[in-house]
Amino acid sequence: MSASRGWRGGLLLLLLMQSASCGFALRSWDIGDAYESIALVGARNDAMVVQLRQALAQTGVPLRGTAADAALIVEVLDARDELRAASISGGARTAEYELSLGLRYAIKTADGGYLARPAWASARRIYRIDRGNLVGSSEEQALLRRELSADLVQQVMRAVSAVTRNAAPTS
């Protein structure tokens with residue numbers, strides 16, 4: 001029995017060493033070479049914008065409170081959160097809902113020039129309603145809303161990364 005335990009321990013150690021050397025790293029956005037500061041303006045304080053603010057703060061570039069203090073400006077122009085019936089059951093009840101989120105944004109320089117003209121980032125998902133477990137369906141909707149928000153933030157951050165990748169330093 002002790003040989004079996006030793007073998008399993010050795011296998012576990014090997015797997016841990018292998019996973020430590022796999023190159024896993026958290027995703028980060030490198031915009032520090034092109035811009036010394038960034039601002040998020042026109043933003044409401046909903047969950048989507050809070051996530052975007054956190055993602056911008058994780059770039060390592062100082063996040064400023066106003067556009068006047070920043071070299072790069074991400075402007076949130078509009079945000080949408082829509083829920084509609086996607087299908088109806090035989091009893092004329094909603095069987096599935098479609099949840100769609102959208103964020104309209106623009107990316108500008110300090111002088112007001114556009115690096116990215118106003119564009120929509122959008123994501124949608126359809127989910128089934130379980131009439132026998134309405135609490136579970138409500139929790140699923142909340143989870144989907146968080147996932148869709150995270151997807152929108154990633155879309156905006158990819159756009160910020162793309163426009164800053166080829167930008168000249170603005171010092």
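Calculation rules
Residues numbered from 1 in each chain as written. Predicted model: local features only at pLDDT ≥ 70, side-chain atom pairs only at ≥ 80, totals over all residues. Heavy atoms only, no water. Helix = DSSP H or I, 4+ residues; strand = E, 2+ residues; numbered from the N terminus. Contact = heavy atoms within 4.5 Å. Areas by Shrake-Rupley, 256 points an atom, 1.4 Å probe, with all protein chains shown as cover. Buried < 20%, exposed > 50% of the residue type's maximum accessible area, 1.4 Å probe, protein only. Arc of directions from axis to C-beta. Pairing = 2+ DSSP bridges. Salt bridge = Lys/Arg side-chain N within 4 Å of Asp/Glu carboxyl O. Core = buried A, V, L, I, M, F, W, Y, C linked by side-chain atoms within 4.5 Å. pLDDT = per-residue confidence, 0-100. Right-handed = clockwise from strand over helix to strand, strands pointing away.

Take the overall build of the protein chain next. Regarding its fold elements, the protein chain presents 3 helices and 5 strands. Secondary structure elements of the protein chain, listed N to C terminal, follow the sequence α-β-α-β-β-β-β-α. When contacts within the protein chain are restricted to residue pairs at least 6 apart in sequence, those whose partners lie at least 24 apart make up 67%. Taken as a whole, the protein chain presents about 10,600 Å² of accessible surface, with 52% of it coming from carbon and sulfur.

Below, the discussion takes up helix α2 (residues 47-57). Looking only at α2, the buried set comprises M48, V49, L52, A55 and L56. For α2, the angular spread of the buried residues around the axis is 115°, confining them to a single face.

With that out of the way, let us pick up unusual backbone geometry. We note that A92 has phi near 60°; this positive angle belongs to a residue other than glycine. Relative to the helices and strands, A92 resides in the loop between β3 (72-88) and β4 (94-109).

Below, the discussion takes up the sheet that holds β4. If you walk across this open sheet you meet the 5 strands as β2-β1-β3-β4-β5, and the pairing is mixed. Two strands close off the open sheet at either side, each with one partner strand: β2 (63-64) and β5 (114-128). Note that β4 and β5 share 12 bridges and pair antiparallel. Residue pairing in the sheet places L99 in a bridge with R125 of β5.

In this structure the tally under the stated criterion is 7 salt bridges. Of the charged contacts in the structure, one is a salt bridge between E75 and K108, with a shortest N-O distance of 2.9 Å. Linking E75 in strand β3 with K108 in strand β4, this pair joins segments that are 33 residues apart in sequence. Classification of K108 by relative accessible area gives buried; the value is 18%.

Turning our attention to the environment of L152. Note that L152 resides in helix α3 (residues 134-165). It is 5.9 Å that separates the C-alpha atoms of L152 and A121, two residues lying 31 residues apart in sequence.

Another aspect to go through is the nonpolar core. Residues L52, V74, L103, I107 and V156 are the most contacted members of the largest nonpolar core, which totals 34 residues. For this core, the elements supplying multiple residues, two or more each, are β1 (38-41), α2, β3, β4, β5 and α3. Here the element with the most residues in this core is α3; it accounts for 9 residues. I107 has contacts with L72, I73, G113, Y114, L115, A116, A159, V160 and V163, leaving out every residue within four places of it along the chain.

Moving on to the confidence of the model for the protein chain. Summarising the model, the protein chain shows a mean pLDDT of 81, and 76% of its residues fall at 70 or more. By mean pLDDT, the top-scoring element of the protein chain is β5 (93), and the lowest-scoring one is helix α1 (residues 2-20) (62).

The alternating pattern of β1 places I38 and L40 and A39 and V41 on opposite faces, both of which are buried. In terms of strand pairing, β1 meets β2 through 2 bridges, oriented parallel. Its bridge partner lying in β2, I38 is registered against L63. For the crossover from β1 across α2 to β2, the handedness is right-handed. Pairing of β1 with β3 involves 4 bridges; the strand directions are parallel. Residue pairing for β3: V41 is matched across the bridge by E75.

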